Amino acid sequence: MKVLEGQLLAQGQKIGIVASRFNDFIVSHLVAGAEDCFVRHGGNTEDLTLAFVPGAFEIPLIAQKMAESGKFDAVVCVGAIIRGATPHFDMVANESAKGIAAASMKSGIPVTNGILTTDSIEQAVERAGTKAGNKGADAMISAIEMINLAKQF
Ligand code: INI
């Protein structure tokens, strides 16, 4: 059986990051986690481009523009939607996830989802570089792997 897998090597890759300003206290740590992951896997920080949008709802449009620009091998999306502070949590969470998936399918390059959707600020802190890892780093490693996998088709 022939098995295809993407290596976790970022050397030479160019990646766009879309980050929301809403809940910046959390999201800044997701951006830092994504950058750290890229560099630790052999990427050059000058090959990262960071775009800020107001909130998670606005992430898909800019992710799609970046993905279709031809300048990047993948786009990583980071944000934080916190139910406790968000009456329209479900709407923002669903639309951002659907839009990110659509941006990937439409552009044909990996667009990964590092948007936290949590019930509380404490849960968000846990997933932004404390005891439950860093969702920005998770989304970056997925992008690195997917770029290397997609090249094989
Ligand atoms: N945007 C977020 O990224 N996270 C949130 O928790 C949030 N809350 O709480 O409402 C949020 N709202 C803003 C939304 O993403 C849009 O920017 C806004 O609705 C304008 O379109």
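See the structure shown above.
Here the structure is a predicted model, which means the values were calculated and not measured. (Residues numbered from 1 in each chain as written. Predicted model: local features only at pLDDT ≥ 70, side-chain atom pairs only at ≥ 80, totals over all residues. Heavy atoms only, no water.)

So, the environment of Leu-48
Along the chain, Leu-48 turns up in strand 2 (residues 48–53). A sequence separation of 24 residues divides Leu-48 from Phe-72, and the C-alpha atoms of the two residues are 8.9 Å apart. Contact partners of Leu-48, with chain neighbours within four places excluded, come to Ile-15, Ile-17, Glu-35, Phe-38 and Met-140. (Helix = DSSP H or I, 4+ residues; strand = E, 2+ residues; numbered from the N terminus. Contact = heavy atoms within 4.5 Å.)

Re the layout of surface pockets
Here the largest pocket defines a volume of roughly 180 Å³. Phe-22, Ala-56, Thr-86, His-88 and Val-92 are the residues nearest the centre of the largest pocket, which is lined by 14 residues in total. Among the elements of the structure, strand 3 (74–82) and helix 3 (89–107) are those that each provide at least two residues to the lining of the largest pocket. A per-element tally of the lining of the largest pocket places strand 3 first, with three residues. Here the residues of the lining of the largest pocket sort into nine nonpolar, four polar and one charged. (1 Å grid on protein atoms, 1.4 Å probe; cavity = no way out; pocket = protein on both sides within 12 Å on 5 of 7 lines; lining within 4 Å. Points joined across faces, edges and corners; volume = space filled by probe spheres on them. Nonpolar A, V, L, I, M, F, W, Y, C, P; charged D, E, K, R; others polar.)

Brief notes about the site of the ligand
Surveying the vicinity of the ligand reveals 14 residues, the closest of which are Ala-56, Phe-57, Glu-58, Ala-80 and Thr-86. Within the backbone of Ala-56, one N or O atom sits 2.8 Å away from an oxygen atom of the ligand. Phe-57 is positioned such that a nitrogen or oxygen atom in its backbone is 3.1 Å from an oxygen atom of the ligand. Protein burial of the ligand: of its 460 Å² of free accessible surface, 79% is covered by the chains. When each cavity is represented as a set of grid points, the ligand is found to reside in the largest pocket. With three residues, strand 3 is the largest single contributor of residues to the shell around the ligand. Tallied by class, residues from the shell around the ligand come to eight nonpolar, five polar and one charged. (Near = heavy atom within 4 Å. Polar contact = N/O pair within 3.5 Å; in protein donor to acceptor, adjacent residues only side chain to side chain. Areas by Shrake-Rupley, 256 points an atom, 1.4 Å probe, with all protein chains shown as cover. Sits in = over half its atoms within 2 Å of the grid points.)

Observations regarding helix 5 (residues 135–150)
Under the 1.5 Å per step criterion, the end-to-end length of helix 5 is 22 Å for 16 residues, consistent within 8% with the ideal 22 Å. Within helix 5, the full set of buried residues consists of Gly-136, Ala-137, Ala-139, Met-140, Ala-143, Ile-144, Ile-147 and Asn-148. Taken down its axis, helix 5 places every buried residue within 165° of arc, on the same side. Buried residues along helix 5 sit against strand 1 (15–20), helix 1 (24–40), strand 2, strand 3, strand 4 (111–118) and strand 6 (133–134). (Expected span 1.5 Å × (residues − 1). Buried < 20%, exposed > 50% of the residue type's maximum accessible area, 1.4 Å probe, protein only. Arc of directions from axis to C-beta.)

Re the sheet that holds strand 4
Sheet architecture is open: four strands sit in the order 2-1-3-4, paired in parallel fashion. Edge positions in the sheet fall to strand 2 and strand 4, since each has one partner strand and no second. Averaged over all pairs of adjacent strands, the angle between their axes in this sheet comes to 15°, without regard to strand direction. Pairing between strand 1 and strand 3: five bridges, direction parallel. By the bridge assignment for strand 3, Ile-15 is matched with Ala-74. (Pairing = 2+ DSSP bridges. Axes fitted to C-alpha atoms, helices over the stretch in contact; angles between N-to-C directions.)

Quick notes on the state of the cysteines
If you walk through the whole model with that rule in mind, you get zero disulfides. Cys-37 supplies the cysteine sulfur nearest to Cys-77, a cysteine that is in no disulfide, at a spacing of 15 Å. (Disulfide = S-S within 2.5 Å.)

Here we look at the environment of Gly-133
By the element assignment, Gly-133 lies in strand 6. With 100 residues separating them along the chain, Gly-133 and Gly-33 place their C-alpha atoms 9.2 Å apart. The residues contacting Gly-133, other than those within four sequence positions of it, are Glu-126, Arg-127 and Ala-128.

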